Structure formats: C-alpha cells, structure tokens
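Coordinate analysis (summary)
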Amino acid sequence: MIRALLIGAVRDQRGTMAIETALIAPALAALALGSFDVSMMVAREQQLQSAANEATEIVLAAAGGSGVSSNTLEQILESSLNLAANKVTLSPLYRCGTSGTTSSTAPTCNGNNQLYSYVKLTMTDSYTPLWTNFGVGHTVNFDVERTVQVSRCYVFIAWRAISAAERRSNSP
C-alpha cells in the first residue's frame, strides 16, 4: 500500500509547474532588477560623459570670445543634468613651456617658455541602486573630468595665419 502511494506520487505531476515557478521566480526577479539598475548606471555615466564633451566645446567657444562665464556654464550644466548645486566645477590651470606640472595660479614663465592655460571641468554625481535597499552593494559615485587647453589653440591658429600671410608675401 505504501509502495502504491509512493509510485502514484512520483507519477503525479500536477502542481510541479507551480513549484518550479516558485523556485525560479525570485532569481528571475533579482536578475531583472539588477539588469535595470546596471542599465541606469551606464545611462547616467553616458549622460555625464556626453555633457562633458559638450562642455569642452562650450569652454573652447567661450575662450574664443563668446562671453560665457564659468558660473553661468556651471549653472547650465547642473540644471540640464539635474545635478545638485556645486556638482560642476570649472577651474583654471596653467603650465610653463614643456613642464609636466600644472598649477591653479598663473606662474611667471622664465626665458622662452610660453604660458599655456587650461580649464579643468569636473562633474560629480552618485547613483543609489535599488538593490542597496536589500543590503546588497553601495552607492556608485561618478567623477567625470576633462582638461581643455585654451591658449595653445590660439597660438596654433595665429601661427597658421602668419604662416599663410608670409607665404603670400614671399610668393613671386
């Protein structure tokens, strides 16, 4: 009799789909949640990188005389990226000649060393994934930094203009 019950229970497959679903559903939900959070992190990083690229072009245009102040540019970037105040900073950097070091104050260059100026753009943000609510992981911090050389471009453009003018004046 017990043997007949066991054989009947093994052959009876009613409810197995519900049991399998109950075992697999939490794992599938965790994978879906994780995939969503990872895609949100990648998207935010991409937003910041793209904004930094656009900001470097704006910095170059402003250095060329468009008149956008660093405070205005910081506010525009913070509002367009939904960043809190002071999450975008623009700071000047300077370098003499071929020196590998930069400083935040303009040094006095000696000899034939030319002073090069840069603008350093730094954007910071953070993302708290949903899984941190379950005690897994931590907040992800984003730090995007660009350094844009603004003075060398004009030296190069001026050199090209002089070079072309010299060629015209030296031509027969």
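A short note on the nonpolar core
If you look at the biggest cluster of nonpolar residues, it comprises 20 residues, and the most contacted ones within it are Leu48, Val59, Leu77, Leu121 and Met123. Put simply, the parts of the chain that give this core at least two residues each are α2 (16-66), α3 (70-80), β1 (88-96), β2 (115-127) and β3 (140-149). Looking at which element gives the most residues to this core, the answer is α2, with six residues.

Things to note about the pairing of β2
In the sheet, β1 pairs with β2 via nine bridges, with the strands oriented antiparallel. Within β2, the residue paired with Leu93 across the bridge is Tyr118.

A few points about α3
Among all positions of α3, only Leu73, Glu74, Leu77 and Glu78 are buried. One face of α3 carries all of its buried residues, which in axial projection span an arc of 130°. Exposed and facing more than 90 degrees away from the buried side of α3 are Asn71, Gln75, Ser79 and Ser80. Positive backbone phi, at 55°, marks Asn82, one or two positions downstream of α3.

With respect to unusual backbone geometry
Residue Asn82 is not a glycine yet carries a positive backbone phi of 55°. Tracing the chain through its elements places Asn82 in the loop between α3 and β1. On the basis of relative accessibility, which here comes to 71%, the residue Asn82 falls in the exposed class. In this structure, Asn86 takes a positive phi of about 65° despite not being glycine. Given the relative accessible area of 68%, Asn86 is considered exposed.

Some words on the confidence of the model for the protein chain
Of all residues in the protein chain, 80% have pLDDT values of 70 or greater, and the mean over the chain is 79. Looking at the elements of the protein chain, mean pLDDT is at its lowest for helix α4 (residues 151-170), recorded as 42, and at its highest for β3, recorded as 91. Predicted confidence for residues 153-172 stays below pLDDT 50, and this span has five contacts to residues more than four positions away or in other chains.

Focus: the side chain of Thr122
In this structure, Thr122 sits in strand β2. Among all residues touching Thr122, those that are not within four sequence positions of it are Lys87, Val88, Thr89, Val144 and Glu145.

Comments concerning the sheet that holds β3
In space, the three strands of this open sheet follow the order β1-β2-β3, with antiparallel pairing throughout. Edge positions in the open sheet fall to β1 and β3, since each of these has one partner strand only. For this sheet, the mean inter-axis angle between neighbouring strands, taken without regard to orientation, is 20°. Helix-sheet contacts for α3 involve β1 and β2, and the interaxial angle to β1 is about 135°.

Rules and cut-offs
Residues numbered from 1 in each chain as written. Predicted model: local features only at pLDDT ≥ 70, side-chain atom pairs only at ≥ 80, totals over all residues. Heavy atoms only, no water. Core = buried A, V, L, I, M, F, W, Y, C linked by side-chain atoms within 4.5 Å. Buried < 20%, exposed > 50% of the residue type's maximum accessible area, 1.4 Å probe, protein only. Helix = DSSP H or I, 4+ residues; strand = E, 2+ residues; numbered from the N terminus. Pairing = 2+ DSSP bridges. Arc of directions from axis to C-beta. pLDDT = per-residue confidence, 0-100. Contact = heavy atoms within 4.5 Å. Axes fitted to C-alpha atoms, helices over the stretch in contact; angles between N-to-C directions.

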